[in-house]
Amino acid sequence: YFAKLADRYLALLVDYLRNINFSVDPASCSMLRQLPIFLTIHGEMIALKQMQCYVWNPNVNKIGMKKWLEHIGSTIVFLDGTGEWRRLASSSSDLRIDAVPAQEIYTRFIFPNFSCLEEKERYRQLKHIKDHLFEESQLFQNQDDIHANFIDALKDLPCLGPDSQSLKRVSNFCSPDEDVFELFPEKFNFLPKCFISREEKDAWVKFFSEIGLKMYPTSTKFIKLCEQVAEGNHPKLKKASQTLLNALVSKKAFQNNWHTSHFIQTVSEISFVCTADLSQLTWIKDAHPPTKTIQTGNRETVTMTKLNGAGINEYKLLWTVMPVIELSLWKFDMYTRARIASVLNLCHVVTAPTTDQVIQNIINISKSVFSNISLFEKCPEKLKPP
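Residues numbered from 1 in each chain as written. Predicted model: local features only at pLDDT ≥ 70, side-chain atom pairs only at ≥ 80, totals over all residues. Heavy atoms only, no water.

Peer 1: Help me understand empty space enclosed by the protein, please; the structure alone is not making it clear to me.
Peer 2: Gaps between atoms show up when a probe of the same size as a water molecule is rolled over them. Applying the stated rule across the entire model yields one cavity of 30 Å³ or more. The volume enclosed by the largest cavity comes to roughly 60 Å³. Every residue along the wall of the largest cavity is listed here: Glu 119, Arg 122, Tyr 123, Leu 126, Cys 159, Leu 160, Gly 161, Pro 192, Cys 194 and Phe 195. For the lining of the largest cavity, the secondary structure elements donating two or more residues are α5 (119-140) and α8 (193-196). Sort the elements by how many residues they give to the lining of the largest cavity and α5 lands first, with four residues. Among the residues making up the lining of the largest cavity, the classes are represented as seven nonpolar, one polar and two charged. (1 Å grid on protein atoms, 1.4 Å probe; cavity = no way out; pocket = protein on both sides within 12 Å on 5 of 7 lines; lining within 4 Å. Points joined across faces, edges and corners; volume = space filled by probe spheres on them. Helix = DSSP H or I, 4+ residues; strand = E, 2+ residues; numbered from the N terminus. Nonpolar A, V, L, I, M, F, W, Y, C, P; charged D, E, K, R; others polar.)

Okay, here's the thing in structure tokens:
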């Protein structure tokens, strides 16, 4: 009968019940909860009885709502906050109806049942969170447990994947903009295309980075990649070598606290760095032997060395006393040069040769066949030194 009441008659009934209910005591509230005058978010008029009741927060996206509601059970109900029932008492809590923030509804009800949503529904829910809720929770997470719990639940939420059976946390995926990840695709998981092929790619990457998206490999993973390259196990060996070297001296490596003594000691002894092209010099005297020579699949010969004891490209004229790597400092600004040099020095790369090294290089060159003075006798007269 109550469900068939016109809105204006329902309003009159609510006014009557409000006027006779002089004191909001437990007995009165229990009686009111028995009446089917409470409007749910589905548009149904129900009696609350012993149900666990919440006011629906309009900041929650309703997409996929029927699916996750089925999983939370019939004893939990969400009421339409615009229903006439709101006038029965000065506060919904008087009727044992809780008004909770949108973040709490997600944390308690939607996230535990996120896998029951379809891929498009999960996408739209995450987009809604990114656009409307996340910034607020970030701002207040240190002052409010609800926001802190929401952020933690997002980080722990299996929400990305091709189907509901293989969903993974965001922390299992990596940034699509990092060269190290791109060159080793078999080693990493990348964000689904729906997040990186749209105009909002940068916004998605920024959002996901706040809840665990890998923006850079871990130091342990980096060591394994260096070992892989040192074995010659990469289709683009030179590019992979240079990318890893750039990553080692990058600003992100500092930000991720890579440069521990154990890490530096390990990396500096791995022969993953390609040597510089010294063909303009080796006709005079053979270069210092590299650590290893690798024949690639396309019959290309690649010489590789370790950082410990190698020299930067600025000192390639000392090619007979040290392996020379393809890394120059002169092209960087002063701040960047200082940062890179500090890493190279930790790895015992020669960034400033000693006098002994310069002298030894001269000695080595002097032992070249071209240093034989008798060769000048065979030169044309006009080419002979004065």
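Peer 1: Which parts of the structure should I look at to understand the sheet that holds strand β4 (residues 76-79)?
Peer 2: Whether parallel or antiparallel, the strands of a sheet pair through hydrogen bonds between backbone atoms. Taken together, three strands build an open sheet; the order of strands is β4-β3-β5 and the sheet is parallel. The sheet is open, and its two borders are formed by β4 and β5 (97-99), each paired with just one other strand. Here the average twist between neighbouring strands, direction ignored, is 30°. Judged from the three bridges that link them, strand β3 (residues 52-55) and β5 form a sheet pairing that is parallel. Its bridge partner lying in β5, Tyr 54 is registered against Asp 98. On the sheet, helix α4 (residues 102-110) packs against β3 and β4 and is oriented at approximately 145° with respect to β3. (Pairing = 2+ DSSP bridges. Axes fitted to C-alpha atoms, helices over the stretch in contact; angles between N-to-C directions. Contact = heavy atoms within 4.5 Å.)

Peer 1: Would you take a moment to explain the packing of α4 against helix α6 (residues 145-155) for this structure?
Peer 2: A packed helix pair is summarised by two numbers, namely the angle formed by the two axes and the spacing between the axes. Where α4 contacts α6, the two axes come as close as 9 Å, and the packing angle between them is 45°. Of the possible angle classes, the one that applies to α4 and α6 is oblique. Here α4 and α6 pass one another in a crossing that is left-handed. Between α4 and α6, the residues in contact are Gln 103, Glu 104, Tyr 106 and Thr 107 and Ile 146, His 147, Asn 149, Phe 150 and Ala 153, respectively. (Parallel < 35°, antiparallel > 145°, perpendicular 65-115°, else oblique. Left-handed = near helix turned anticlockwise from the far one by under 90°.)

Peer 1: Can you help me understand the layout of surface pockets in this one?
Peer 2: When its volume is computed, the largest pocket comes out at roughly 370 Å³. Together, 18 residues line the largest pocket, and Thr 275, Ala 276, Asp 277, Leu 278 and Thr 303 are the ones closest to its centre. Elements that contribute at least two residues to the lining of the largest pocket include exactly α11 (237-248) and β8 (301-305). Among the elements that make up the lining of the largest pocket, the one with the highest residue count is β8 (three residues). The class makeup of the residues in the lining of the largest pocket is nine nonpolar, six polar and three charged.

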